[in-house]
Amino acid sequence: MSRRRTLSTKKKLVLLVSAAAVAGGGAFAFAATSNASSVQNAATSTVCQGLATAFGNNESFIADQRANPDAQSEARIANREAVLAQIKVQQEASGCEVGESAQDSQPVTPPAASTPPAASAPAESAPAEDTGADADAGAGAATGEQVCNGSTVTLSGEAGAPAASSNQFPAGTLLKVTNLDNDKSTTVEVTATSGSCALLNNAAFELVREPGKFLIRNALIEKVG
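Cut-offs applied
- Residues numbered from 1 in each chain as written.
- Predicted model: local features only at pLDDT ≥ 70, side-chain atom pairs only at ≥ 80, totals over all residues.
- Heavy atoms only, no water.
- Phe/Tyr/Trp six-rings, centres within 6.5 Å; stacked < 30°, edge-to-face > 60°.
- Lys NZ or Arg CZ within 6 Å of the ring centre and 35° of its normal.
- Helix = DSSP H or I, 4+ residues; strand = E, 2+ residues; numbered from the N terminus.
- Contact = heavy atoms within 4.5 Å.
- Expected span 1.5 Å × (residues − 1).
- Buried < 20%, exposed > 50% of the residue type's maximum accessible area, 1.4 Å probe, protein only.
- Arc of directions from axis to C-beta.

A few words on the packing of aromatic side chains. This structure, assessed with the given rule, holds zero aromatic pairs. Sitting above the plane of the Phe61 ring, Arg80 keeps its charged end 4.0 Å from the centroid. Positioned above the aromatic ring of Phe214, the side-chain terminus of Arg209 is 4.8 Å from the ring centre.

The following block contains the structure:
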């Protein structure tokens, strides 16, 4: 003769509460894991985009050298091909698509071209007057003329002392690059041509970068001197 054990109402409530706690804990763990995964994916995406931009800028530079060769073009192309190989290594190590290429937001030449008319008469005379009156307030204007509005800044992958390359300014031009996300800035000399307004080499980029990022989205680029 079998006996069925009947649970009291109190025991049933305890079991239900326990089951709910286990289920809730599982849901919390899932949510926490999901959030951590989202943050990691966002960070990886930023790194990959920066590397892709650097890859695209160097590809553009090589294409330009081949289209308009001079006595130094072959050496420059060989140098940039070595840079592309290094970027591929970084892409693979970062879990990015190897060989992914993206152009810098450089087709923003229209804003750069439209800047001079707006600043031709009033804006150029204003900084000159502000500099002496209030050095702190006019520091940004006194530093130099803002150029390449809207352009992002990335690295070329080249070694050597801090320097920059540009497709708008000749060798010898001094450019001040400020990362507005961390207020770090550096002033470097343009030493070569590239596919963007301001492409920093490794040493220069290290002076203004945010840890783990290969792209400066919020940048202020100024021509000084």
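With that settled, consider the environment of Ala192. When you line up the elements, Ala192 lands in strand 5 (residues 184–193). Measuring from C-alpha to C-alpha, the distance between Ala192 and Phe169 comes to 9.2 Å, with 23 residues separating the pair along the chain. Once you skip the residues sitting within four places of it in the chain, Ala192 turns out to touch Ala164, Ser165 and Ser166.

Helical periodicity: at 3.6 residues per turn, an α-helix aligns residues three or four positions apart in one direction. Given a rise of 1.5 Å per residue, 21 residues ought to cover 30 Å, and the 30 Å separating the end C-alpha atoms of helix 2 (residues 73–93) matches this to within 8%. Among the residues of helix 2, Ser73, Ile77, Arg80, Val83, Leu84, Ile87 and Gln91 are the ones counted as buried. Taken end-on, helix 2 shows its buried residues confined to a sector of 120 degrees, consistent with a single buried face. Residues of helix 2 that are exposed and point over 90 degrees away from its buried face: Glu74, Glu92 and Ala93.

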